[in-house]
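Okay, here's what each chain looks like letter by letter:
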Amino acid sequence: MNYKAIIEDVYNTVRNEEDAGKLASYIPELAKVDPEKFGVHFSAIDRFEFGIGDYRDKFSIQSITKVLTLCLAYKILGEKIWERLGVEPSGTPFNSLIQLEADKGVPRNPFINAGALVICDILLSHLDNPKADFLEFIRNVSGNPGLNYSPKIADSEKSVGYRNMALCYFIKSFGNIKNDPLEVLDFYFCSCSLEMDCSELSRTFLFLANGGRKLFDPTPILTKSQTKRVNALMQTCGFYDESGEFSFKVGLPGKSGVGGGIIAIHPSQYSIGVWSPKLNEKGNSFKGMKFLEYFTTNTQLSIF
Ligand code: GLU
């Protein structure tokens, strides 16, 4: 398979198409990003790598971080984690409060904001220094000691994070947040502010294509069964209430964020990071979705 030629071809096609998306503006700092940025980076488990466009520019990975907080909490707590949250797609927007009332404060899955807040609460209960320990985990997974949070982005979100505050206090009222909601929110905003470029993104997530292990490192990050389950959750819940559409058009597990990034995994093959900041109506990168749709169509390879 000539991945390089296919990526170049699809990148140039999508770059020249009209972008009907809009920048996320509810977090003030995200509204300042150059809307024309577009980068892609591919990492295969046979070590082949290729990047194109703005793949070396850092961006805010936002909700993509929810996969990483889940992995760390899953590693620590094992299957007990599912006593606190579900594994079903929500079918409602990522920051919805509606279902939580009916579900008595048990979020449908770890990738909606409510679920990610519960995961942050679990991490606060189990880590001595949650921010530093989570960063160390990410740096270890990626093999990149340069990864960091953006205090500017975290502060910007905190200044307007009313809905996440409402979610956190609402879940607390049902007893499913154990720590001080202000501490949970502070950790949540910080975790969402992680910055990566497309190459760092695809390299960080390669372990999910490699059965839960980094390349050439025998120590697993997750067991094979846990890796299967995280990929399954990305497949069913990774794209807000557009997860069915992503499955249908792309056919890979993945996760998006309101910073315009998308990571997609082909188990046993590769991970691919795409970034284009303008979002479609459901909150997913407009060009990122298009790129991945054409990419799996042209490679004729997906998990289905
Ligand atoms: N930090 C963002 C929020 O809570 C993440 C949203 C996202 O990327 O889906 O609104």
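Overview of the structure.

Quick notes on the rules
Residues numbered from 1 in each chain as written. Predicted model: local features only at pLDDT ≥ 70, side-chain atom pairs only at ≥ 80, totals over all residues. Heavy atoms only, no water. Helix = DSSP H or I, 4+ residues; strand = E, 2+ residues; numbered from the N terminus. Rg over C-alpha atoms; globule rule 2.2 N^0.38 Å. Buried < 20%, exposed > 50% of the residue type's maximum accessible area, 1.4 Å probe, protein only. Contact = heavy atoms within 4.5 Å. Areas by Shrake-Rupley, 256 points an atom, 1.4 Å probe, with all protein chains shown as cover. Lys, Arg positive; Asp, Glu negative; His and termini not counted. Charge placed at Lys NZ, Arg CZ, Asp CG, Glu CD. Polar contact = N/O pair within 3.5 Å; in protein donor to acceptor, adjacent residues only side chain to side chain. Pairing = 2+ DSSP bridges. Axes fitted to C-alpha atoms, helices over the stretch in contact; angles between N-to-C directions. Salt bridge = Lys/Arg side-chain N within 4 Å of Asp/Glu carboxyl O. Near = heavy atom within 4 Å. Nonpolar A, V, L, I, M, F, W, Y, C, P; charged D, E, K, R; others polar.

A look at the overall build of the protein
1) Next: Across its full length, the protein carries twelve helices and seven strands.
2) Next: Taking 304 residues into account, the globule formula puts the C-alpha radius of gyration at 19 Å, and the protein, at 18 Å, falls close to it.
3) Next: Seen along its three principal axes, the alpha-carbon backbone of the protein occupies a region of about 55 × 45 × 35 Å.
4) Next: Counting over 304 residues, the protein shows a buried share of 58%.
5) Next: Partitioning the intrachain contacts of the protein with sequence separation of at least 6 by distance along the chain shows that 69% fall at a separation of at least 24.
6) Next: Here the protein has roughly 12,500 Å² of accessible surface; of this, 52% comes from carbon and sulfur atoms.
7) Next: For the protein, the distance from the average site of its 33 positive side-chain charges to the average site of its 35 negative ones is 3 Å.

Concerning the environment of Gly-254
1) Next: Topologically, Gly-254 is positioned in strand β5 (residues 254-256).
2) Next: For Gly-254, a relative accessible area of 0% puts it in the buried group.
3) Next: Counting along the chain gives 21 residues from Gly-254 to Leu-233, while the straight-line C-alpha distance between them is 8.8 Å.
4) Next: Apart from the residues within four sequence positions on either side, Gly-254 is in contact with Met-234, Gln-235, Gly-238, Phe-239, Ile-263 and Ala-264.

Focus: the side chain of Ser-60
1) Next: Tracing the backbone through its elements, the reader meets Ser-60 in strand β3 (residues 59-60).
2) Next: A distance of 3.0 Å separates polar atoms of two side chains, one belonging to Ser-60 and the other to Gln-62.

A closer look at the sheet that holds strand β2 (residues 49-53)
1) Next: If you trace the five strands from one edge of the open sheet to the other, you get β2-β1-β7-β6-β5, paired in antiparallel fashion. Looking along the sheet, the strands with just one partner apiece sit at the ends: β2 and β5. Looking at each pair of strands side by side, their axes are set apart by 5° on average, direction ignored.
2) Next: Looking at chain direction, strand β1 (residues 39-44) and strand β7 (residues 270-275) are connected through six bridges and run antiparallel. Each residue of the ladder has a partner; that of His-41, found in β7, is Gly-273.
3) Next: Lying on the sheet, helix α1 (residues 3-15) is in contact with β1, β2 and β7; it crosses β2 at an angle near 15°.

What to know about the pattern of salt bridges
When the charged atoms of two side chains with opposite charge come close together, those side chains can pair.
1) Next: Throughout the structure, instances matching the rule amount to 13 salt bridges.
2) Next: Measuring nitrogen to oxygen at the nearest pair gives 2.9 Å for the salt bridge that ties Glu-200 to Lys-58. Pair noted here: Glu-200 is in helix α9 (residues 198-204) and Lys-58 is in the loop between β2 and β3, with a separation of 142 residues, a long-range link.
3) Next: According to the relative accessible area criterion, Glu-200 is buried, its value standing at 12%.

Description of the site of the ligand
1) Next: Close to the ligand lie Tyr-26, Gln-62, Ser-63, Phe-94, Asn-113, Glu-157, Asn-164, Tyr-188, Cys-192, Tyr-240, Gly-257 and Val-258, which account for all nearby residues.
2) Next: In this structure, Asn-164 approaches the ligand through a side-chain N or O atom, which is 2.9 Å from an oxygen atom.
3) Next: The backbone of Val-258 places a nitrogen or oxygen atom 2.8 Å from an oxygen atom of the ligand.
4) Next: In isolation the ligand has 290 Å² of accessible area, and contact with the protein removes 99% of it.
5) Next: Classifying every residue of the shell around the ligand gives six nonpolar, five polar and one charged.

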